[in-house]
Amino acid sequence: MDHEQAVRQMTDIVARFTDYAGKHLPDDIMGKLTELRAAEGSPLARVVYDSMFDNLAMAAQLNRPCCQDTGVIQYYLKAGSRFPLLAEVRHILTEAAATATRTAPLRHNAVQIFEEKNTGTNTGERIPWIDWDIVPDSSGIEIEVYMAGGGCSLPGQGKTLMPAAGYEGIVAFVFEVMTTYGVNACPPLLVGIGIGGSIDVAANLSKRALFRPIGSRHPHPRGAAMELLLEKGLNEIGLGPQGLSGTNSVMGVHIETAARHPSTISVAISVGCWAHRRGTLRINDDLSYEILSHKGAQL
Amino acid sequence: MKKILTTPISDEALEGLSAGDIVYLDGYLVTCRDMPHRRLVDQGRPLPVDLRGLAIFHAGPIVARDGDDWRMVSIGPTTSMRMEVHEQEFIRQTGVKLIIGKGGMGPNTEAGCRDYKALHAVFPGGCAVLAASRVEEIERVEWLELGMPEAMWVCRVRGFGPLIISIDTRGNNLFEKNKRIFNARKVPAIEDISRQVRFIT
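Predicted model only: the values in this text are computed from it and were never measured. (Residues numbered from 1 in each chain as written. Chains lettered and ligands numbered in written order. Predicted model: local features only at pLDDT ≥ 70, side-chain atom pairs only at ≥ 80, totals over all residues.)

*Asks:* Tell me about the sheet that holds strand β4 (residues 157-161) of chain A, residues and numbers included.
*Replies:* Backbone-to-backbone hydrogen bonds join strands into a sheet, with any given pair of strands oriented parallel or antiparallel. All names here are of chain A. Reading across from one edge, β4-β7-β5-β6 is the order of the four strands in this open sheet, with mixed pairing throughout. Single-partner strands in this sheet number two, and they are β4 and β6 (250-257). Across the sheet, the axes of successive neighbouring strands diverge by a mean angle of 15°, strand direction being ignored. Both strand β5 (residues 189-196) and β6 contribute to a ladder of seven bridges, which runs parallel. (Pairing = 2+ DSSP bridges. Helix = DSSP H or I, 4+ residues; strand = E, 2+ residues; numbered from the N terminus. Axes fitted to C-alpha atoms, helices over the stretch in contact; angles between N-to-C directions.)

*Asks:* Run through the interface of chain B and chain A, naming residues and quoting values.
*Replies:* Opposite the 47 residues of chain B that make contact, chain A presents 50 residues. Elements supplying a minimum of two residues to the side of chain B that touches chain A: β4 (62-66), β5 (69-74), α5 (128-133), β9 (152-167) and α6 (174-195) of chain B. Sorting elements by how many residues they give to the side of chain B that touches chain A places α6 of chain B first, with 12 residues. Taken together, the residues of the side of chain B that touches chain A sort by class into 25 nonpolar, 16 polar and six charged. (Contact = placed C-beta atoms within 7 Å. Nonpolar A, V, L, I, M, F, W, Y, C, P; charged D, E, K, R; others polar.)

*Asks:* If you had to explain the pairing of strand β8 (residues 277-283) of chain A to someone new, which residues and values would you point to?
*Replies:* All names here are of chain A. β8 sits mainly inside the fold: six of its seven residues count as buried. Where strand β3 (residues 141-147) lies against β8, seven bridges are found, and the strand directions are antiparallel. Looking at the pairing, E144 lines up with T280 of β8. Where β8 meets strand β9 (residues 289-291), three bridges bridge the pair, whose relative direction is antiparallel. Bridge assignment links I283 to a residue of β9, and that residue is Y289. (Buried ≥ 20, exposed ≤ 12 C-beta atoms within 10 Å, placed from the backbone.)

*Asks:* Just give me the short version of the nonpolar core, but keep the residues and values in it.
*Replies:* The tendency in soluble globular proteins is for nonpolar side chains to be buried side by side. Counting residues in hydrophobic clusters, the biggest one holds 143 residues, and the most contacted among them are V30 and L98 of chain B. Sorting elements by how many residues they give to this core places β9 of chain B first, with nine residues. Looking at which domains feed residues into this core, each of domain 1 (3-23 + 66-149 + 277-291) and domain 2 (151-272) of chain A gives three or more. Setting aside residues no more than four positions away along its own chain, L98 of chain B makes contact with L5, I9, L25, A55, A118, L119 and A121 of chain B. (Core = buried A, V, L, I, M, F, W, Y, C linked by C-beta atoms within 7 Å. Domains from an automatic or database assignment.)

*Asks:* Give me the lowdown on helix α4 (residues 89-103) of chain A, citing residues and values where you can.
*Replies:* All names here are of chain A. With 15 residues, α4 should cover 21 Å at 1.5 Å per step; its first-to-last C-alpha distance of 21 Å lies within 8% of that length. Those residues of α4 lying buried are V89, I92, L93, T94, A96, A97, A98, A100 and T101. Turning to α4, the residues buried within the fold contact α1 (3-21), β1 (74-80) and β2 (129-135). (Expected span 1.5 Å × (residues − 1).)

*Asks:* Tell me about the pairing of β9 of chain B, and please be specific about residues and values.
*Replies:* All names here are of chain B. Within β9, 12 of the 16 residues are buried, which leaves it mostly tucked inside the rest of the structure. Examined bridge by bridge, strand β2 (residues 22-31) and β9 share seven bridges and lie antiparallel to one another. Residue pairing in the sheet places I22 in a bridge with I164 of β9. As judged from the three bridges shared by strand β7 (residues 119-122) and β9, these two strands associate in the antiparallel manner. Considered in β9, the bridge of H120 is made with I167.

*Asks:* Let's hear about the confidence of the model for chain B: which residues, and what values?
*Replies:* Low pLDDT means the predicted coordinates in that region are not meant to be read closely. Model confidence for chain B is summarised by a mean pLDDT of 96, while 100% of its residues fall at 70 or above. Here the predicted complex scores 0.93 on pTM and 0.91 on ipTM. (pLDDT = per-residue confidence, 0-100.)

*Asks:* Describe the sheet that holds β9 of chain A, with residues and values.
*Replies:* All names here are of chain A. The five strands lie next to each other as β2-β1-β3-β8-β9, forming an open sheet whose pairing is mixed. Of all strands in the sheet, those bounded by a partner on one side alone are β2 and β9. Sheet twist, expressed as the mean angle between neighbouring strand axes with direction ignored, is 15°.

*Asks:* Just give me the short version of α6 of chain B, but keep the residues and values in it.
*Replies:* All names here are of chain B. Counted at 1.5 Å a residue, the expected span for α6 with its 22 residues is 32 Å, and the 33 Å between its end C-alpha atoms agrees. Its axis deflected by about 25° at K186, α6 carries its strongest bend there, up to four residues before the proline P188. All of the buried residues in α6 are L174, F175, N178, F182 and I193. (Bend = angle between axes of the 7 residues up to and from the residue.)

*Asks:* Describe the packing of helix α8 (residues 221-237) of chain A against α6 of chain B, listing the residues and the values that go with them.
*Replies:* Relative orientation of the contacting elements α8 of chain A and α6 of chain B amounts to 160°, with a least axis distance of 8 Å. Relative to α6 of chain B, α8 of chain A is oriented roughly antiparallel. The handedness of the crossing between α8 of chain A and α6 of chain B comes out as right-handed. Side by side, α8 of chain A and α6 of chain B meet where L229, L230, G233, E236 and I237 of chain A of the first sit next to F182, R185, K186, A189, D192 and I193 of chain B of the second. Classifying every residue of the contact of α8 of chain A with α6 of chain B gives six nonpolar, one polar and four charged. (Parallel < 35°, antiparallel > 145°, perpendicular 65-115°, else oblique. Left-handed = near helix turned anticlockwise from the far one by under 90°.)

*Asks:* Pulling in residues and values, what's your account of the domain arrangement of chain A?
*Replies:* Quoted interface sizes are often the accessible area lost when the parts come together. Residue and element names in this part refer to chain A. Domain annotation for chain A reports domain 1 (3-23 + 66-149 + 277-291) and domain 2 (151-272). Computed from C-alpha coordinates alone, the two centres of domain 1 and domain 2 are separated by 26 Å. Contacts between the two partners involve six residues from domain 1, matched on the other side by seven residues from domain 2. Considered class by class, the residues forming the side of domain 1 that touches domain 2 number two nonpolar, one polar and three charged.

*Asks:* Account for the environment of S270 of chain A, with residues named and values stated.
*Replies:* All names here are of chain A. Along the chain, S270 turns up in strand β7 (residues 265-272). For S270, a count of 26 C-beta atoms within 10 Å puts it in the buried group. For the pair S270 and G158, spaced 112 residues apart in sequence, the C-alpha separation works out to 8.9 Å. In this view, S270 contacts G156, G192, S206, K207 and L210; residues no more than four positions away in its chain are not counted.

So, in structure tokens, the structure goes:
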């Protein structure tokens, strides 16, 4: 296969995967929603969960995006330093997003800043957003595609605390955001928390936290404990599906961390709605691929 | 038995309904989110659709061309709170009777619903294919120059729901009530966790 053919083939794979990820939720999210649905008893909570599952079945059957808000498309990469198409990746992902926008079809969500015009292609200045992590000595690439609707992007916030506020300040901040903005963000939510020394670091980590499989834990025992405490505490508030009240509030709480400055603790929150359209695709150097997030998926 | 509201909706049809009730809609549903609210209320531009007795949907759909017609692919509610600043005046000027969206709205909309007899109801967020399946036909589109999400799509719907009433004609607000409960529960939860995360010593 020559270079040009390879670029076309990878573009086609990512386009089809982007299309697919807008229509099917990943396995771990489906499992968690099934578990949370079974725990609800009130008529309002039940009617909402019934609608959610009916909707997912219809989306799969009719081959349509399961939520109309297919987000501003983001790709988070773990790119092998020896992946042969590394230099073409931005071009490939941009083309793939535009193609999936036509094939799926996805809603047009890229509005150019200052011009205030929707491009109609889901591509625009720095969009699709691409986040790079280079993996030394690997020749493949792992791509997370993520579509977050506006509703669950609205709670996204960050704050830089003084050390005197402690981790207690993080807890208070998380609860404040969740009870103020979480209600409207389509609960049950996946809560991503980033902690570091400056706001940009915390914000990036909070988004990355949303890509961890449900139920995975922070590697530090205190981090893992804090995730569980927040999960339990937020569930005790009982936002329920769509904030209409119920037994639970969240699908999970994930914390990602970076060492901080002695004088600052920055915390940021990103939340994922129940229709958490995240997909993980691994492409090898020969362009064979594997879908890690949706077992048995056919593109 | 399913409670069904049919457009044009009369004030009497809304009288017995309370926040927390579930209803379904037959008739005309027009998408209307940020921009048409801005144009009517802030800029004084008349709407291209007469909304008297009808329902609006805070939603930006995905639609597809179907020959000369349009086909609804996916349509779900967007965050209603964004329209809160405009909604009271919007209800007054248009005579709209049912506002469908996602999440709660605030005191402006409560006053609008109470003074001009209207409801705010929630369609479950993210259930966009289910909602699209209840759209029988897109009769026309107005203000398409605003782009697909912001245009006003005039839809004929049948059995559109479930719609959970969040603000009734007496101004009762389900989400505000819930918020008070959530905030009360928040205090002991924060205290309990804070005791266990004193890692800076």
